[in-house]
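One letter stands for each residue in the lines below.
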Amino acid sequence: MNTPRTRQGMVYLLALMVVLVVASVAVVMTSGAGLRLRAQDDLIGRTQARHAALGMLRAVCNDLATAQVAGTLPQLITVKPDGETIGACSVLLLGRDPAGLRARFGLIPEAGRISLNSLIDTTVRQRGTLRTALSQQSGMTPEVTAAICDWADADDTPDDDGGAERTDTHYQGAAVPYAPRNGRFETIDELRLVRGVSESVFFGEDANGNGRLDGGEDANGNGRLDLGLRDLVTLESREPASAPDGTPLTPITSGTARSARLIELFGQERGQELVLQAQQGQQNGPYANRLHLLVALDLTEAEAGALWTCLTGPEGRVGLVDAWSCSEALLTGLVGVDLASRIISARPTTLPSGPSWLAEALTPAEAATAGMVLTVGGYQFRADLIAVSRDGWSRLEALIDCNSGFPNVIRLRSADTAGWPLPWATPSSVRRSGLDDDLSTLLTSDRN
């Protein structure tokens, strides 16, 4: 029987349900508004961070325009690579540790990688050494290296080491068949199309692209960071064709030209001392390369740096690998275990200003061979820029070319898809951190 008390209860329940529905709608609307506000904050934060990163890049280029000498390693005179405050953002230049063990901040010399185009250039004297060294890297084989060469060379004849041309089943059997370019690589990412270049071979163990071994990245348990092709190769590494003052490079094989350059650089008295040393040093035959000559001379660090960028030798200007910044595994592949170990021990902990550290570590015989593939310095540098604000972050990658004596940004792209590179300071910890002044400290707190 529908009594007044029962009707009152039903009305109460109905009213309660209405209140619950209205409250739920309000909560959903409030949540939606909050999410929209949060998304708007994230967008603003990312935009601010991107502009801050671009500002840091401009400052880097200004420094290089003032202080960079073509053929040497980059010297930043005003920019602080481990943290600049631009607006409400902190910006870092994330470098690369050749040992893969710690965080390093600064520009990345491209000459520390193998030049892809040197692998197919028949005029490059060290081409065979470069191919062998690349084949020895983690995940690589001579067949994969041969397939990379076949992708870029102009013919349709498979490489003798087991290469792959357009008739290979990997290309013809794909869901959408394709063929090798038969031309020079235009991007590093193009390597992922080559037969044998799997995701693990291309990316290696450095999942977040910060140049050090982080937790969970040691897939094979060997205790070291095994790099992928993206961090082992560059499109091209070519040293300048002229001295820093614009004059032609001096060939070390010409005794007359070599003597004139020494006297021009260091004056009559000091220059003549070095001329005699150079003549005595080649009693057993001509100098094999620039490094071989430097080992024979008793030079100060400043003198070695000044002379290095004025010389050219039989090793040429293309395909040489920077001994200071290349990975330890790559250096081992280039010169062997024993010599690589000695060079690694001799590496300065900070950016060297010239080649004297390398010359002092080698005997004349070692320099005659190692100098055919090793150099110190370069003219292209990669900037891995990380800009962080309280509400967002952005990662940019720029390639800076100083070959002309003036820095030019020849490639600029967003690297957000490479991921957040600072596992010791997650985005959520950045949001939770306290004072703005602590942000830069938080981002660089773990360097080991």
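Residues numbered from 1 in each chain as written. Predicted model: local features only at pLDDT ≥ 70, side-chain atom pairs only at ≥ 80, totals over all residues. Heavy atoms only, no water.

Participant: Help me out: how do you make sense of the overall build of the protein in this one?
Facilitator: Looking only at helices and strands, the protein features 16 helices and twelve strands. Within the protein, the proportion of its 448 residues that are buried is 49%. Across the protein, every contact between residues at least 6 apart in sequence was considered, and the portion connecting residues at least 24 apart equals 63%. (Helix = DSSP H or I, 4+ residues; strand = E, 2+ residues; numbered from the N terminus. Buried < 20%, exposed > 50% of the residue type's maximum accessible area, 1.4 Å probe, protein only. Contact = heavy atoms within 4.5 Å.)

Participant: I keep staring at the side chain of Gln380 and nothing clicks. Help me out?
Facilitator: Of note, Gln380 is situated in strand 10 (residues 380–389). At 3.5 Å, the side chain of Gln380 forms a polar contact with the side chain of Asp401. (Polar contact = N/O pair within 3.5 Å; in protein donor to acceptor, adjacent residues only side chain to side chain.)

Participant: Whenever I open this one, the packing of aromatic side chains confuses me. Can you help?
Facilitator: Across all of its chains, the model carries five aromatic pairs by this definition. Above the ring of Trp308, the side-chain terminus of Arg290 is found at 4.0 Å from the ring centroid. (Phe/Tyr/Trp six-rings, centres within 6.5 Å; stacked < 30°, edge-to-face > 60°. Lys NZ or Arg CZ within 6 Å of the ring centre and 35° of its normal.)

Participant: Sorry if this is basic, but what is going on with a nonpolar patch on the surface here?
Facilitator: Taken together, the side chains of Tyr12, Leu13, Leu16 and Leu20 present a nonpolar region at the surface, about 430 Å² in accessible area. Relative to the helices and strands, Leu13 resides in helix 1 (residues 4–67). (Patch = residues over 30% accessible without salt bridge, like charges linked within 9 Å, V, L, I, M, F, W, Y side chains within 5 Å. Areas by Shrake-Rupley, 256 points an atom, 1.4 Å probe, with all protein chains shown as cover. Salt bridge = Lys/Arg side-chain N within 4 Å of Asp/Glu carboxyl O.)

Participant: Sorry if this is basic, but what is going on with the pattern of salt bridges here?
Facilitator: Any two side chains of opposite charge can pair, on the condition that their charged atoms come close. Scanning the model with the defined rule gives 24 salt bridges in all. Arg290 serves as the salt-bridge partner of Glu239, at 3.0 Å between the closest nitrogen and oxygen. Here Arg290 lies in helix 9 (residues 290–296) and Glu239 lies in the loop between strand 5 (233–234) and strand 6 (250–251), a separation of 51 residues in the sequence. Using a relative accessible area of 12% as the deciding quantity, one classes Glu239 as buried. Since its relative accessible area comes to 4%, Arg290 is described here as buried. Of the charged contacts, one joins Arg270 and Glu303 as a salt bridge, the two residues approaching to 2.9 Å between their closest N and O atoms. Within this pair, whereas Arg270 is found in helix 8 (residues 268–281), its partner Glu303 is found in helix 10 (residues 301–308), the two being separated by 33 residues in sequence. Under the relative-accessibility criterion, Arg270 is labelled partly exposed at 21%. A relative accessible area of 14% places Glu303 in the buried class. Three or more residues joined by partner-sharing salt bridges are found here, namely Glu110, Arg113, Arg382, Glu397 and Arg413.

Participant: Please explain the nonpolar core as it appears in this structure.
Facilitator: Soluble globular proteins tend to bury their nonpolar side chains together. Grouped together as the largest cluster of nonpolar side chains are 66 residues, with contacts concentrated most on Ile148, Leu229 and Val335. Per-element tally for this core: the top contributor is helix 3 (residues 142–152), with six residues. With residues up to four places along the chain from it excluded, the contact list for Leu229 reads Leu134, Met140, Ile148, Leu191, Val197, Val201 and Phe202. Cys89, Leu93, Phe381 and Ala387 belong to the second largest nonpolar core, which has 22 residues in total. (Core = buried A, V, L, I, M, F, W, Y, C linked by side-chain atoms within 4.5 Å.)

Participant: In this structure, what is going on with helix 3? I would like to understand it.
Facilitator: Note: α-helices contain 3.6 residues per turn, so residues at a spacing of three or four share the same orientation. Taken across its eleven residues, helix 3 has nine buried, putting it largely inside the fold. Every buried residue of helix 3 is listed here: Val144, Thr145, Ala146, Ala147, Ile148, Cys149, Asp150, Trp151 and Ala152.

Participant: What am I meant to see in the packing of helix 2 (residues 127–135) against helix 3 here?
Facilitator: When two helices pack together, their arrangement is given by the angle between their axes and by how far apart the axes lie. Running from amino to carboxyl end, helix 2 crosses helix 3 at an angle of 125 degrees, the nearest separation of the two axes being 8 Å. With respect to their mutual orientation, helix 2 and helix 3 come out oblique. The handedness of the crossing between helix 2 and helix 3 comes out as right-handed. Residue-level inspection shows Arg131, Leu134 and Ser135 of helix 2 in contact with helix 3, the latter providing Pro142, Thr145, Ala146 and Cys149. Here the residues of the contact of helix 2 with helix 3 are counted per class, giving four nonpolar, two polar and one charged. (Axes fitted to C-alpha atoms, helices over the stretch in contact; angles between N-to-C directions. Parallel < 35°, antiparallel > 145°, perpendicular 65-115°, else oblique. Left-handed = near helix turned anticlockwise from the far one by under 90°. Nonpolar A, V, L, I, M, F, W, Y, C, P; charged D, E, K, R; others polar.)

Participant: Looking at this model, I keep getting lost on the environment of Phe406. Mind explaining?
Facilitator: Position of Phe406 among the secondary structure elements: in the loop between strand 11 (392–401) and strand 12 (408–414). Along the sequence, Phe406 and Leu64 sit 342 residues apart, while their C-alpha atoms lie 7.4 Å from each other. If we skip the residues at most four places from it in the chain, Phe406 touches Ala65 and Asp401.

Participant: How should I be thinking about helix 8 in this particular structure?
Facilitator: Its 14 residues give helix 8 an end-to-end C-alpha distance of 20 Å, which sits within 8% of 20 Å, the value for a rise of 1.5 Å per residue. When we look at burial in helix 8, the residues that qualify are Gly271, Leu274, Val275 and Ala278. Looking straight down helix 8, one finds that the buried residues subtend no more than 110 degrees of arc, so they occupy a single side. In helix 8, the exposed positions that point more than 90 degrees away from the buried face belong to Glu269 and Gln280. (Expected span 1.5 Å × (residues − 1). Arc of directions from axis to C-beta.)

Participant: So what exactly am I meant to see when it comes to the side chain of Ser327 here?
Facilitator: Relative to the assigned elements, Ser327 resides in the loop between strand 8 (321–322) and helix 11 (328–335). With a relative accessible area of 10%, Ser327 lands in the buried category. There is a polar contact of 3.1 Å between the side chain of Ser327 and the backbone nitrogen of Leu330. Filtering out sequence-adjacent residues up to four positions away, Ser327 remains in contact with Pro98, Gly112, Leu227, Leu232 and Arg347.

Participant: What am I meant to see in the pairing of strand 2 (residues 89–93) here?
Facilitator: Along any regular strand, the residues point their side chains to alternate faces of the sheet. Across the five residues of strand 2, five count as buried, placing the element largely inside the fold. Two strands pair when backbone bridges link them, and strand 1 (residues 84–86) and strand 2 are joined in this way by three bridges, in the antiparallel orientation. Across the sheet, the residue bridging to Thr85 is Ser90, located in strand 2. The turn linking strand 1 back onto strand 2 is made up of two residues, and Gly87 within it adopts a positive phi angle of 65 degrees. Strand direction decides the pairing type here: strand 2 and strand 10, joined by four bridges, are antiparallel. (Pairing = 2+ DSSP bridges.)

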